[in-house]
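Results of the structural survey
Given next are the chains, with one letter for each unit.
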Amino acid sequence: MQYKYLFDLALILLSTKVLGLFSQRFRLPHVVGALIAGLLLGPAVLGIIQETDFLKTTASLGVIVLMFTSGMETDIHELKKSGKAAFVIALIGVLLPLAGGFAVGCYFNNPELLVNNSAGPEGSLFLQNIFLGIILTATSVSITVETLRELGKLRSPAGSAILGAAIIDDVLGIIALTIVTSFSDESVNVAWVLIKIVLFFVFALAAGVGFSRFYRWWTCKTDENRTQHVIVAFAFCLLFSFVAEVIFGVADITGAFVAGLVLSNTSSEKRSQYLATNFETISFLYLSPVFFASIGLQVELTGMNTHILLFAVALTIVAILSKILGCGLGAKLCRYTNQESLQIGVGMISRGEVALIVATKGADLGLISKELFGPVIVVVVVTTIITPILLKLVFHGKDEQVPAET
């Protein structure tokens, strides 16, 4: 049906809002209801809505805007202070899930018990198991960001550490993925990928300085027409995301977050507030509900036998504990308090769309079979739903936003 997307959008917006309000009645973040709405509407339960290219594109735009506004709302001074700590947190938070995923794969990835193990001949069991670990290293902080914003903790020390660690985690994940895929795809050059990652941050610094000077001068000249400021800022976000993904091979959401950081350090506090308010409005009304619901729409749990179910449970437990322990240990080594270390570990649990993208890449290269894709979906859904719930518990107390520095 040509106009079915209109019905799908209306149903997604209404259901995410209703279930979001329902989840808030139980003192849970609004995003939990939105995730459950997608799960109920998708093929896993009611099958009313199927994921389409239009919904995928809208969801991708939603997470880009979400990370862009997060960058604009981030205290860049606090982020700088947590830079070294963020690297330690990200490093341990990658190594422990990598080892945990590999161990689970070694135990459960048995060809004699997997009837339809369709990984290609180049996908040896060793590489398949390593790749399962790489999937667990992925971190998607979009859910965490929305929850922290809802709780008023986005600019807290733990919130800044989570954002900084997530960027480094993304880079480390790309390096690990590149190294493993290079063994099954001769077209991948590890050295060139590493060079492009370095070049991206060089480009980000140069482009950020250049754009900030232009934007500061231009907004002073056109202060009366702030609508133009929003349009130019959004165009900058989209271009930065495009360049990051297409030219440098870094995730588009990382480019969006960096673009937001540039604007947070460029605009006056009043102008930054105006920009953030406009982007949060369109995100709340349209983009964010579609993004959160799209995660549930991807769930299809067909052909699950006892062995696969046990594998899914084990992989999910390891996915949760490895991030809490790994990132929490890294935070503790960097002298965060016990409470902040726990908050940082919990904030890094969600795998989200990042794990799905990594898993899809592995499936294309024969590094993961279709039969093992189901448990990966389970990990994504469970970690995505449980993260905002656990964040609500560990960030207990009065919900206050840390004031911005002037």
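What counts and how
Residues numbered from 1 in each chain as written. Predicted model: local features only at pLDDT ≥ 70, side-chain atom pairs only at ≥ 80, totals over all residues. Heavy atoms only, no water. Helix = DSSP H or I, 4+ residues; strand = E, 2+ residues; numbered from the N terminus. Buried < 20%, exposed > 50% of the residue type's maximum accessible area, 1.4 Å probe, protein only. Contact = heavy atoms within 4.5 Å. Areas by Shrake-Rupley, 256 points an atom, 1.4 Å probe, with all protein chains shown as cover. Salt bridge = Lys/Arg side-chain N within 4 Å of Asp/Glu carboxyl O. Expected span 1.5 Å × (residues − 1). Axes fitted to C-alpha atoms, helices over the stretch in contact; angles between N-to-C directions. Parallel < 35°, antiparallel > 145°, perpendicular 65-115°, else oblique. Left-handed = near helix turned anticlockwise from the far one by under 90°. Nonpolar A, V, L, I, M, F, W, Y, C, P; charged D, E, K, R; others polar. Phe/Tyr/Trp six-rings, centres within 6.5 Å; stacked < 30°, edge-to-face > 60°. pLDDT = per-residue confidence, 0-100. Core = buried A, V, L, I, M, F, W, Y, C linked by side-chain atoms within 4.5 Å. Patch = residues over 30% accessible without salt bridge, like charges linked within 9 Å, V, L, I, M, F, W, Y side chains within 5 Å.

Examining the overall build of the protein
Each helix and strand in the protein was counted, giving 16 helices and zero strands. Scored against the burial criterion, the 406 residues of the protein give a buried share of 55%. Within the protein, counting contacts between residues at least 6 apart in sequence, those at least 24 apart form 81% of the total. Element-wise, carbon and sulfur atoms account for 67% of the exposed surface of the protein, whose accessible area totals about 18300 Å².

Points about the side chain of threonine 137
By the element assignment, threonine 137 lies in helix α6 (residues 125-137). Taking the relative accessible area as the measure of exposure, threonine 137 reaches 2% and is therefore buried. For threonine 137, the contacting residues outside a window of four places in its chain are Val94, Pro97, Leu98, Asp169 and Lys323.

Here's the deal with the pattern of salt bridges
What the rule picks out here adds up to two salt bridges. For the salt bridge of aspartate 8 with lysine 4, the shortest nitrogen-to-oxygen distance reads 2.6 Å. Of this pair, aspartate 8 and lysine 4 both sit in helix α1 (residues 4-25), four residues apart, roughly one helical turn. Judged by relative accessible area, which is 27%, lysine 4 ranks as partly exposed. Residue aspartate 169 is joined to lysine 323 by a salt bridge in which the shortest nitrogen-to-oxygen separation is 3.0 Å. Here aspartate 169, found in helix α8 (residues 157-182), pairs with lysine 323, found in helix α13 (residues 306-333); they are 154 residues apart in sequence, far enough to count as distant. Here the two residues aspartate 169 and lysine 323 agree in accessibility, since each one is buried.

Quick word on α6
An ideal rise of 1.5 Å per residue puts 18 Å on 13 residues; α6 measures up with 19 Å between its terminal C-alpha atoms. For α6, a buried count of eleven out of 13 residues is recorded, marking the element as mostly surrounded by other parts of the structure. Considered for burial, the residues of α6 that qualify are Leu127, Gln128, Asn129, Ile130, Phe131, Leu132, Gly133, Ile134, Ile135, Leu136 and Thr137.

Focus: the packing of α6 against α13
One can describe the packing of α6 onto α13 by two numbers: an axis separation of 10 Å at closest approach and a directional angle of 50°. The angle between α6 and α13 places the two elements in the oblique class. Considering how the two elements wind past one another, α6 and α13 form a crossing that is right-handed. Contacts between α6 and α13 involve Leu132, Leu136 and Thr137 on the former and, on the latter, Phe311, Leu315, Val318, Ala319 and Lys323. Within the contact of α6 with α13, the residues separate by chemical class into six nonpolar, one polar and one charged.

Things to note about the packing of aromatic side chains
What the rule picks out here adds up to 19 aromatic pairs. Taken together, a centroid distance of 4.9 Å and an interplanar angle of 75° make the contact between tyrosine 107 and phenylalanine 108 edge-to-face. The exposed category is assigned to tyrosine 107, whose relative accessible area is 66%. Judged by its relative accessible area of 13%, phenylalanine 108 falls in the buried class. Within the aromatic cluster, the residues linked to one another by ring pairs are Phe200, Phe201, Phe203, Phe211, Phe214, Tyr215, Trp217, Trp218, Phe236, Phe240 and Phe248.

Structural notes on unusual backbone geometry
We note that arginine 335 has phi near 70°; this positive angle belongs to a residue other than glycine. A relative accessible area of 81% places arginine 335 in the exposed class.

Some words on the confidence of the model for the protein
Of all residues in the protein, 84% have pLDDT values of 70 or greater, and the mean over the chain is 81. Counting contacts from residues 115-123, a segment whose pLDDT is below 50, to residues more than four positions away or on other chains yields 21 contacts. Under a pLDDT of 50 for its full length, residues 398-406 has, in the predicted model, 20 contacts with residues more than four places off or in other chains.

Quick look at the nonpolar core
Judged by nonpolar contacts, the single largest core of 108 residues is most densely connected at Met67, Phe68, Ile89, Phe131, Ile135, Phe292 and Ile344. Here this core gets 13 residues from one element, more than from any other, and that element is α8. Among residues more than four places away in sequence, those in contact with isoleucine 135 are Arg351, Ala355, Val358, Ala359, Ile368 and Val376. Formed by eight residues, the second largest nonpolar core is a distinct cluster that contains Leu55, Val290, Ala293 and Leu297.

Describing the environment of isoleucine 231
Relative to the assigned elements, isoleucine 231 resides in helix α10 (residues 226-247). A relative accessible area of 56% means that isoleucine 231 is categorised as exposed.

Observations regarding a nonpolar patch on the surface
A contiguous nonpolar surface patch, about 510 Å² in accessible area, is contributed by Phe7, Ile36, Leu40, Val45, Leu46 and Ile48. Relative to the elements of secondary structure, isoleucine 36 occurs in helix α2 (residues 30-41).

Observations concerning the packing of helix α3 (residues 53-73) against helix α7 (residues 142-151)
Two elements in contact, α3 and α7, have axes whose closest approach is 10 Å; the angle formed by their N-to-C orientations is 50°. Considering the angle they form, α3 stands oblique to α7. The two elements α3 and α7 meet at a crossing, and its hand is left-handed. Residue-level inspection shows Val63, Leu66, Met67, Thr69, Ser70 and Glu73 of α3 in contact with α7, the latter providing Ser142, Val145, Glu146 and Arg149. Within the contact of α3 with α7, the residues separate by chemical class into four nonpolar, three polar and three charged.

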